[in-house]
Each structure stands twice: as structure tokens, then as C-alpha cells.
Amino acid sequence: MSDIPPRSGKLTREQQRAVKQRQKDFAAALKSQARAAHWRYAGGWIFRQSGDWFVDVLPWLLPERGAGLRLLIKPMALDPLFWDIVGASENHSLPLSFRANGAWVLRPATIDSQAGLDQADVELLATEVLGVADRQTEALLETMSLESMLAALPDKDDLFGQQRVLAICLLILAGQTETAFDLCRISSSEEHPIARGSGFL
């Protein structure tokens, strides 16, 4: 959640144009700086593969100064396993960016943060965002594991929808297939919209 209060009142057309232009300039700055910082850029996201993990960050401008970041880390093997289970193996050939902004992907819990709260210049903000993304990724990957991801999920009786699909796939990756099968057997009226009709749940 941003600590910076939103603008009060309705923006004029000129102000709206200025906001849109600033967003475009920020996106362009992020895209131009991403590769040198060992990130890739697509559709507003920055993303990369770090060993066995996929990392993506969705940044956005805060009013006047600063940027918000939403960071997600998941195993590289997670989405391909899901695709195979639901009969969408053709997704294996899609670009890496699909794991960030595609419709047929699993999304573990994200981490929200902020960068450059005293900074208005979009070029410098892009640099700040990439730096924060680097530091957060490095810190998280020191302790991230399949077991820690499973431990962060609710108890099995409280797993519904995408969370249950995520848990099943993580359990399979962790070699806990019997526990995964037990979760598949739990009836639920809240099937993941992607898995509905696939025979997965």
C-alpha cells in the first residue's frame, strides 16, 4: 500500500495527458535500462530467470514521486507442470514473458514494496526500481524453497481455487505425490477457472 496520498479532485485533460506521458516515459526508461541490469522487459513487467527460479516485477508510478513494485518468485518448473496437467503443453514454446503476464500461469503470493519515494525523474526512478528488484530477489532466493512456499500456504482445508492448484503443483515438484492426490480428491465449488473442465480438480 502506498504511503503517498492520491491526488485529490479530478484531473484536467492537460493533467491526464501529462500523467499518461510520464507513464510512457517511465516504461521507456525501464525498458532501456533493463537489459544492462540483467532484466528483460515486456508489457510493463521486468522479469528474468535466476537459476531454477522465475522472477517478475510489476512496477508502477506513484503520484508525483516514487514507484510501487509487486514482486513474484516461482520455480521455473511450476508453470510447465501446470500446463502439462491441464493439457496446454503448447505453452512450453511461448516466450519467458508469458510466465509473468500470461493467462494460463500460476501466481504465488506477491511482495509489495516501494522505491524512490523522493524521486520524480523517471530515468532515476527506473534505476531505483531495478536496484530494489535486484536486492529483493537476492535476499528472497537465499531462503526460497518448495518447502517454504508450501509452508506459506493456508491449511489444506482452507485451500481454494488457484491456491489449491498451486499447492498441488508444488507438492508434485517436491515429490509429495500422495499429499497432492489427497488435495485433488477434496471437493470444492471454487475450482480454478483455468482448471475448470480440465479434469485437474
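Residues numbered from 1 in each chain as written. Predicted model: local features only at pLDDT ≥ 70, side-chain atom pairs only at ≥ 80, totals over all residues. Heavy atoms only, no water.

1. As for the environment of E138
Here E138 shows up in helix 4 (residues 122–141). On the basis of relative accessibility, which here comes to 52%, the residue E138 falls in the exposed class. Considering only alpha carbons, one finds E138 and S50, 88 residues apart in sequence, at a separation of 9.4 Å. (Helix = DSSP H or I, 4+ residues; strand = E, 2+ residues; numbered from the N terminus. Buried < 20%, exposed > 50% of the residue type's maximum accessible area, 1.4 Å probe, protein only.)

2. Description of helix 1 (residues 13–34)
An α-helical turn contains 3.6 residues, so any two residues separated by three or four positions project in the same direction. A rise of 1.5 Å per residue sets the reference length of helix 1, with its 22 residues, at 32 Å; its end C-alpha atoms lie 31 Å apart and thus fit the reference within 8%. Every buried residue of helix 1 is listed here: F26, A29, L30, Q33 and A34. For helix 1, the angular spread of the buried residues around the axis is 125°, confining them to a single face. Every exposed residue of helix 1 that faces more than 90 degrees away from the buried side is listed here: R13, E14, R17, K20, K24, K31 and S32. Buried residues in helix 1 make contact with strand 1 (40–42), strand 2 (45–50), strand 3 (53–61), strand 4 (67–75) and helix 4. (Expected span 1.5 Å × (residues − 1). Arc of directions from axis to C-beta. Contact = heavy atoms within 4.5 Å.)

3. Some words on the sheet that holds strand 2
What the five strands build is an open sheet, ordered 1-2-3-4-5; its pairing is antiparallel. With one partner strand each, in any of the chains shown, strand 1 and strand 5 (111–115) form the two edges of the open sheet. Ignoring which end each strand starts from, the neighbouring axes of this sheet average 30° apart. In the sheet, strand 2 pairs with strand 3 via five bridges, with the strands oriented antiparallel. Residue F47 lies in a different strand from strand 3, and its bridge partner there is D56. (Pairing = 2+ DSSP bridges. Axes fitted to C-alpha atoms, helices over the stretch in contact; angles between N-to-C directions.)

4. Some points on the side chain of Q119
Its location among the elements puts Q119 in the loop between strand 5 and helix 4. At a separation of 3.2 Å, a polar atom in the side chain of Q119 contacts the main-chain amide nitrogen of D121. Beyond its immediate stretch of four places on either side in the chain, Q119 contacts R22, R65, G66, L124 and L125. (Polar contact = N/O pair within 3.5 Å; in protein donor to acceptor, adjacent residues only side chain to side chain.)

5. A word on the pattern of salt bridges
In total, this model carries four salt bridges according to the counting rule given. With a shortest N-O distance of 2.7 Å, D182 and R185 are connected by a salt bridge. Pair noted here: D182 and R185 are both in helix 7 (residues 177–185), with a separation of three residues, about one helical turn. Here R185 falls in the exposed class, since its relative accessible area comes to 57%. (Salt bridge = Lys/Arg side-chain N within 4 Å of Asp/Glu carboxyl O.)

6. What about the confidence of the model for the protein chain?
Reading predicted coordinates in detail is not appropriate for stretches of low pLDDT. In the predicted model, the protein chain carries a mean pLDDT of 89, and 88% of its residues have values of at least 70. Within the model, pLDDT remains below 50 along residues 1–7, and this stretch shows 13 contacts once partners closer than five positions in the same chain are excluded. (pLDDT = per-residue confidence, 0-100.)

7. Comments concerning helix 6 (residues 161–173)
Under the 1.5 Å per step criterion, the end-to-end length of helix 6 is 19 Å for 13 residues, consistent within 8% with the ideal 18 Å. Those residues of helix 6 that fall on the buried side of the exposure criterion are G161, R164, V165, L166, A167, I168, C169, L170 and L171. If you follow the buried residues of helix 6, they end up packed against strand 4, helix 2 (78–85), helix 5 (146–151) and helix 7.

8. Things to note about the packing of helix 1 against helix 4
Describing two packed helices takes the angle between their axes plus the distance from one axis to the other. At a closest axis distance of 8 Å, the pairing of helix 1 and helix 4 adopts a crossing angle of 50°. Relative to helix 4, helix 1 is oriented oblique. The interaxial crossing formed by helix 1 with helix 4 has right-handed handedness. Here R22, D25, F26, A29, L30, Q33 and A34 of helix 1 lie close against helix 4, whose contacting residues are V122, E123, L125, A126, T127, V129 and L130. Counted by class, the contact of helix 1 with helix 4 contains nine nonpolar, two polar and three charged residues. (Parallel < 35°, antiparallel > 145°, perpendicular 65-115°, else oblique. Left-handed = near helix turned anticlockwise from the far one by under 90°. Nonpolar A, V, L, I, M, F, W, Y, C, P; charged D, E, K, R; others polar.)

9. Quick word on the environment of A37
Residue position: A37 is located in the loop between helix 1 and strand 1. The spacing of A37 and L130 is 93 residues in sequence and 7.1 Å in space, taken between C-alpha atoms. Beyond its immediate stretch of four places on either side in the chain, A37 contacts R48, L130 and D134.

10. Digging into the nonpolar core
Grouped together as the largest cluster of nonpolar side chains are 45 residues, with contacts concentrated most on F26, W39, I46, V129 and L170. If you list the elements that add at least two residues to this core, you get helix 1, strand 3, strand 4, helix 2, helix 4, helix 5, helix 6 and helix 7. Of all hydrophobic cores here, the second largest spans seven residues; its members include A42, F54, M76 and L96. (Core = buried A, V, L, I, M, F, W, Y, C linked by side-chain atoms within 4.5 Å.)

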